[in-house]
Each structure stands twice: as C-alpha cells, then as structure tokens.
Amino acid sequence: MEATERTTYGILAQFDGPDKLIEAAAKMRDKGFKQWDVHSPYPIHGMDGAMGEERSRLGLMVAAMALLGGLGILYFTYWTSAVDYRFIISGKPYFSYIAYIPIFFAVCVLLSAFTAVFGMLGLVNSKFHHPVFYSDNFAKVTDDGFFVSVLAEDPSFDKVQTKTFLEEIGGTNVEYLEGDD
Amino acid sequence: MLGNPGLHDVTETIAGLAERKETPIWWWVAMGISTPIAIMLLAVVGYLIWNGIGVWGVNNPVGWGWAIVNFVWWVGIGHAGTLISAILHLLRQKWRTSINRFAEAMTLFAVMCAGLFPAIHVGRIWVIYYMFPLPNQMAMWPNWRSPLLWDMFAVGTYFTVSLLFWYTGLIPDLATLRDRAKNLTRKKIFGALSLGWRGGNRQWKHYELAYLILAGISTPLVLSVHSVVSTDFATSILPGWHTTIFPPYFVAGAIFSGFAMVITLAILARIVMPETKNYITMDHLEKMAKVIMVTGLMVGYAYSTEFFIAWYSAWEYERFAFINRAFGPFAWAYWIMITCNVLTPQIFWFKKMRQSVVVLFIASIFVNIGMWFERFVIVMTLHRDYLPSSWGYYTPTWVDIATYIGTFGLFFTLFLLFLRFVPIIAIAEVKAVLPHAQPHGHH
C-alpha cells in the first residue's frame, strides 16, 4: 500500500507539572489562541482564569430543566387526580398538592440529575476520535502527564511558528498531531 | 494518604488492582460462596412468585414482616455512600476521596437489594406496572396521596441518581484504564466506557460543575428518601408509628448503619488488598467511628424521646405500645436493638477503641445487627393494637430467611465484581488532593 499524505490536525506539547501548565495557559491566552485546551490527569484550580474561560452554562441548563420538570409533574398530578380520574380518599381534596410534594421533589431531582450528566456530556464535546489521540505520548494524560494542545482549525495556527512558540513557553515533546484518515 | 505517593504511584496502585492478570484466591473463594447464595435468592423469589406471599410469615395482625424490615435496612445502608460522596463533597472533606468510590458502589448494590423487596411483595407481580403512572385499560391513575407511591418515586430516583453520580465519577478513571490497556479488547471496552475523555480543562470545568450539582441535589435527596420511607409508617394511625419524629430518626439511623457497613467493607478490603492501606487509612476508619458514635447517640436520643412522648401524650394506647415494645413478647428484639445501637457505639469514646481494627469490625457488625432489629421492632408494633382479641405473634418462615440471606449473596457477588474490575478508589480525585497537585498561589 502506498503511504498517503498525512494531515496535520494540531500540535501537542507536554509540560512539567501543574505550575508550568498554568503559566503556559496564561501565555497561550495572551497570544490569542482560540482552538486550544490544556489536558491534565485531574482538574487544576485557577485554570479557568489562566485560560480566560467563561463559567460553565450547565447550572442554567439544570435549573431550567428542574423548573420544567417541576411544573410538568405538578400539572400531571393535577390532571390525573382532579380531572381525568377523580376519587376521594381519606376525605382529602382532589388536588391534594401538599401530599404531592414528595413526588414533585423526586421528579425535580431526577430531571436535574439527567440534565447535569447528559448536559455535561454534551458540553464537554467528547469524541472517540479526537486529534489528540493520534499522539502515543498523550496516554500519560490520565496518569501523570500535563499537555497543551492547539488545533489546526485555530485562526492563528501556523505549523512552524506555533510549534516554536510552544517550545518557547516551556513545552517538551512537542509533536504534530497527524493522521492519514 | 500515607507514604506520600506521586501521581504515577497512585495510578499504578489503584489501576493495577483492577488490571491484575491473576485473580487472587480469596476472590474465587468469596465468589464461590456468594454466587450460589445469589442463585438461591433467584430460586426463592421464583418460589414466592409461583405460590404467592402466603409462603411468608405475614398474616393478621402482622401484615408486614421481614420484607419491609429488609427493605428499610438495605436502603439505610445505601445512604452512607451518598452521604460520603455528596454531603462530604459539599463540606470539602478531602479525606472522602479515598472511600467515596466503594461507598457509592455499596450504595448501588444495597439499593438493588432493597428494591427487590417492594417489587416482590405485591403478590401479583405481573401487574406491578399499576404503580407507574401509565395509561392503562382501566383508565386509572395512581393515588399520588399514598406514601407507597412516594416511596417508589423516591427510591427509583435515588437509585438512578446514585448510578449517574457513580458513573460520572468513574469517567476519568475509566479513561485511565483505557490508556493503560495492553490489548485491543480492553482498549475498546474502556474506550467506549470512558466516552472519549481527554482530560481537557474545557471538559473539567463542566465536569466539576456537574459533579457539584449532583452532590448538591443528592444531599436533599438522601435525606428525603429515608424520610419518605419513614412516612410509610408515620402516615398510618397506629400507636407507635404515628409520630413526627420518624423522618429525622430514620435518617440518623440510616447514616448510622451505612457507616457501619462502610467500615465492615473497608476493613475487609484492607485485609484482602493490602495495597489499599495507604489510601484507606486508620484515620479514615477513626473518622467513620466518630460518625457512628454521633449518629448512635442521635438514635439513642430518638428512642428515649419516643418513650417520653408516649408518656407525655397521656394516651393509653400510645403508652401501651411502648411498654409492650420493651417488656412485651418482642422484648428480646427490643433489648438486642438497645444493646447494639445505644451501648455498642459508646466504646468509641476511647481513641484506643477507634483505632483497633478488631474492635471496629466487631462493633460495625453489631451496629448492623442492631439496626436490622430496630426496623424489626418498629414493624412488630403491629402485633398488638387496640383490640386484645386480635393480638398475635409473628414468626418468619424459611422463605423469609432464605430471601434475606439471598440478598447478601446478591450484594457480595456484585461487590466482588466491582472489586475485581473497577478502580475501587477515585484515581483522579485522589490525585487532585495530593500535596503538590495544585499550582502555588491557587487553592
């Protein structure tokens, strides 16, 4: 089989520990990169600030879904017990909303949890096939490796200059993320 | 953390346990005991469904027997896992990172065992879908005013949220197993399970918030679940059950028994997997012993409050219910409860006792026996109500006993599978609290 042209999808650089990584992140931010990320085995405090990241929107999503779920189940319990299938039990009103609070609460919690988890999975943009996985060295990210990755889609990406910049700010094992598919 | 491990040491130790090529002997022995018992559970449940709940010891006047005792007991045990993972997370108790993963696993398996009992106790299990608000051929809807329905929603939600919480915590660690996988099958399995996790900060920021939200909603959830369980009793008009103390009293009891079970399992894990001793330290066991002592005092306080209120109510039936509890036909159960739940935890006033593995292990078993008897004592309130002509006694049948023992088989089979194949300590979380893990100037 003939070797095909390998496309460069980005550059990956390794850094020595959380201190170096957070310094590098601030420099990347100041340089004006957009399509980049830092990778670490665990969350690093203060990294959002160093990267210039905004707060996650997840909280709003969860609040909205909890409200929607709460109103939904309130209406549903009302409709089933006071409209569609009315019956009196222990002398309570058809719509005994106080007795429905445990159900209301459970549904709010359930919807919040689903939104928190599946919303998070949506927001983190996880892909089984991401350019960083072209690097063999990247396997260290879940062990003890700290990395900065820049994608080629970034407007200020330049194959030579970006690589030099990553080396200047202290990156080691700087490598191109290349694949032939 | 003992031994001052580095990032790589943490990965090696914990992931290494899940990646062992040779399955240790103790695992096969334990599996060899628990699996047949789990299969026996399947058989007795089949027997029960075939014959109906007449095979249990329940009858008039005691219409609730071991099934609800076991249900409340297992749910209660589960609560410690959520307490450790959620409430201690909100309180920023860093020591929880070593024990939260397996406490959460314990929660899941305990809730599975618990959920079995309400499911099989309904008699006609093939129409159990009536419990769900589904449109059906009779154009009926569930009665939302019933605590039994609240229970179904509470426990169902609890299991689902616990599972989501557990899995969310596992994602980065499954990615660790993916990156360490030596063969293609493991790579594919853990690659799929870790959902393409790449440890990016743009991922961590959403991940951490999701984790915080889950902790935030699990905290009121865990308190509400056992409160709702207690309303199964408290909304009835039976003397001895119809009290407002039930929700907090049940929650304290749940935490009490759950922490005892965590201690039991942690000590066993330390014995069979000595590698974990640097992570699950004596300090952890001691802290949990303190929680047991505090909640044990709460439970003891609740017992005495019940008696005080019975006396203070000046209502003869209420008074009788409690005097009968302590000195009636089921007095033996009552005093087992008092011995195990009120007297046993008092030994933890002494540091020496909190630091002795043997004492901790025996005390934790005692607490769980005591908490089983607490629920038994409460349910047995049924045996003597207003009319002496309808008094009776309750004796379990062999099916009751076999079902209860069977749930241990199910619990330990699942727990052993967990110990063998999943990182039993949260790798990413432990790393984040190591001494040099965070940059200087940031905390």
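Everything numeric here is computed off the predicted structure, so don't read it as measured data.

Caption draft 1: Region of interest: the overall build of chain B. Check the secondary structure of chain B and you find 15 helices and zero strands. Its C-alpha radius of gyration of 23 Å places chain B within 12% of the 22 Å reference for a compact globule of 443 residues. In terms of its C-alpha atoms, chain B occupies a principal-axis envelope of roughly 70 × 60 × 40 Å. Residues classed as buried in chain B amount to 58% of the 443 residues present. Counting contacts in chain B only where the partners sit at least 6 residues apart, residues at least 24 apart contribute 81% of the total. Looking at chain B, you have 30 positive and 20 negative side-chain charges, and the mean spots of the two groups are 8 Å apart.

Caption draft 2: Quick peek at the environment of Leu90 of chain B. All names here are of chain B. Mapped onto the elements, Leu90 comes out in helix α3 (residues 66-90). For the pair Leu90 and Thr219, spaced 129 residues apart in sequence, the C-alpha to C-alpha distance is 8.8 Å. For Leu90, the residues in contact, after removing those within four places along its chain, are Leu212, Ala215, Gly216 and Thr219.

Caption draft 3: Highlighting the side chain of Arg101 of chain B. Here Arg101 of chain B shows up in helix α4 (residues 100-120). Aside from chain neighbours lying at most four places away, what touches Arg101 of chain B is Trp166, Gly169, Leu170, Asp173, Phe418, Pro423, Ile424, Ile425 and Ala426 of chain B.

Caption draft 4: Just the interface of chain A and chain B, in detail. Chain A puts 71 residues into the contact, and the matching count from chain B is 59 residues. Between chain A and chain B the total buried area reaches about 5800 Å² when both faces are included, carbon and sulfur atoms providing 66% of it. Taken together, the links from chain A to chain B amount to two salt bridges. Notably, a salt bridge pairs Arg202 of chain B with Glu53 of chain A, separated by 2.9 Å at the nearest N-O pair. At the boundary of chain A and chain B, one finds 33 residue pairs in polar contact (both at pLDDT 80 or more). At 16 residues, helix α4 (residues 101-123) of chain A tops the list of elements feeding residues into the side of chain A that touches chain B. Looking at the side of chain A that touches chain B residue by residue, the classes come out as 44 nonpolar, 15 polar and 12 charged.

Caption draft 5: Representation of the packing of α4 of chain A against helix α7 (residues 201-234) of chain B within the structure. Closest axis-to-axis distance for the α4 of chain A/α7 of chain B pair is 10 Å, and the angle between their directions is 160°. Taken together, the axes of α4 of chain A and α7 of chain B lie roughly antiparallel to each other. In the packing of α4 of chain A onto α7 of chain B, the handedness of the crossing is left-handed. Across from Pro102, Phe105, Val109, Ser112, Ala113, Ala116, Val117, Met120 and Leu123 of chain A in α4 of chain A, the residues of α7 of chain B making contact are His206, Tyr207, Ala210, Ile213, Leu214, Ile217, Pro220, Leu221, Ser224 and Val228 of chain B. For the contact of α4 of chain A with α7 of chain B, a count of residues per class yields 16 nonpolar, three polar and no charged.

Caption draft 6: Just the pairing of strand β1 (residues 7-15) of chain A, in detail. All names here are of chain A. Most of β1 sits inside the fold, with seven of its nine residues counted as buried. For β1 and strand β4 (residues 172-179), the ladder comprises six bridges, and the chain directions are antiparallel. Within the sheet, the bridge partner assigned to Thr7 lies in β4 and is Gly179.

Caption draft 7: Broad picture of the packing of aromatic side chains. Per the counting criterion, the structure on display carries 69 aromatic pairs over all chains. With a centroid separation of 5.5 Å and an interplanar angle of 55°, the aromatic rings of Phe415 of chain B and Phe418 of chain B are classed as tilted. Taken together, the residues span about one helical turn, with Phe415 of chain B and Phe418 of chain B both in helix α14 (residues 398-421) at a distance of three residues. Across the pair, Phe418 of chain B and Phe415 of chain B agree in class, each one buried. The residue whose ring lies beneath Arg145 of chain B is Phe87 of chain A, and the NZ or CZ to ring-centre distance is 5.6 Å.

Caption draft 8: Looking closely at the domain arrangement of chain A. The assigned domain composition of chain A is domain 1 (7-41 + 144-179) and domain 2 (58-123). Look at where the C-alpha atoms of domain 1 of chain A and domain 2 of chain A centre, and you get two points 46 Å apart.

Caption draft 9: Just the packing of α4 of chain A against helix α5 (residues 147-180) of chain B, in detail. Two elements in contact, α4 of chain A and α5 of chain B, have axes whose closest approach is 9 Å; the angle formed by their N-to-C orientations is 20°. When the axes of α4 of chain A and α5 of chain B are compared, the pair comes out roughly parallel. Handedness of the crossing formed by α4 of chain A with α5 of chain B: left-handed. Between α4 of chain A and α5 of chain B, the contacting residues are Pro102, Ile103, Ala106, Val107, Val109, Leu110, Ala113, Phe114, Val117, Phe118, Met120 and Leu121 of chain A on the first element and Leu149, Trp150, Phe153, Thr157, Thr160, Val161, Leu164, Thr168 and Ile171 of chain B on the second. For the contact of α4 of chain A with α5 of chain B, a count of residues per class yields 18 nonpolar, three polar and no charged.

Caption draft 10: Representation of the nonpolar core in the model. Core analysis: the largest hydrophobic core is formed by 184 residues, its most contacted members being Trp74, Phe376 and Phe418 of chain B. Two domains each provide a minimum of three residues to this core, namely domain 1 (7-41 + 144-179) and domain 2 (58-123) of chain A. Sequence-distant contacts of Phe376 of chain B, that is, excluding residues within four places in its chain, are made with Trp66, Val69, Phe330, Trp332, Ala333 and Tyr394 of chain B. The next biggest cluster of nonpolar side chains, apart from the first, holds six residues, and it includes Leu12, Val132, Phe138 and Val141 of chain A.

Thresholds, definitions, all that
Residues numbered from 1 in each chain as written. Chains lettered and ligands numbered in written order. Predicted model: local features only at pLDDT ≥ 70, side-chain atom pairs only at ≥ 80, totals over all residues. Heavy atoms only, no water. Helix = DSSP H or I, 4+ residues; strand = E, 2+ residues; numbered from the N terminus. Rg over C-alpha atoms; globule rule 2.2 N^0.38 Å. Buried < 20%, exposed > 50% of the residue type's maximum accessible area, 1.4 Å probe, protein only. Contact = heavy atoms within 4.5 Å. Lys, Arg positive; Asp, Glu negative; His and termini not counted. Charge placed at Lys NZ, Arg CZ, Asp CG, Glu CD. Buried area = accessible area lost by both parts, 1.4 Å probe. Salt bridge = Lys/Arg side-chain N within 4 Å of Asp/Glu carboxyl O. Polar contact = N/O pair within 3.5 Å; in protein donor to acceptor, adjacent residues only side chain to side chain. Nonpolar A, V, L, I, M, F, W, Y, C, P; charged D, E, K, R; others polar. Axes fitted to C-alpha atoms, helices over the stretch in contact; angles between N-to-C directions. Parallel < 35°, antiparallel > 145°, perpendicular 65-115°, else oblique. Left-handed = near helix turned anticlockwise from the far one by under 90°. Pairing = 2+ DSSP bridges. Phe/Tyr/Trp six-rings, centres within 6.5 Å; stacked < 30°, edge-to-face > 60°. Lys NZ or Arg CZ within 6 Å of the ring centre and 35° of its normal. Domains from an automatic or database assignment. Core = buried A, V, L, I, M, F, W, Y, C linked by side-chain atoms within 4.5 Å.

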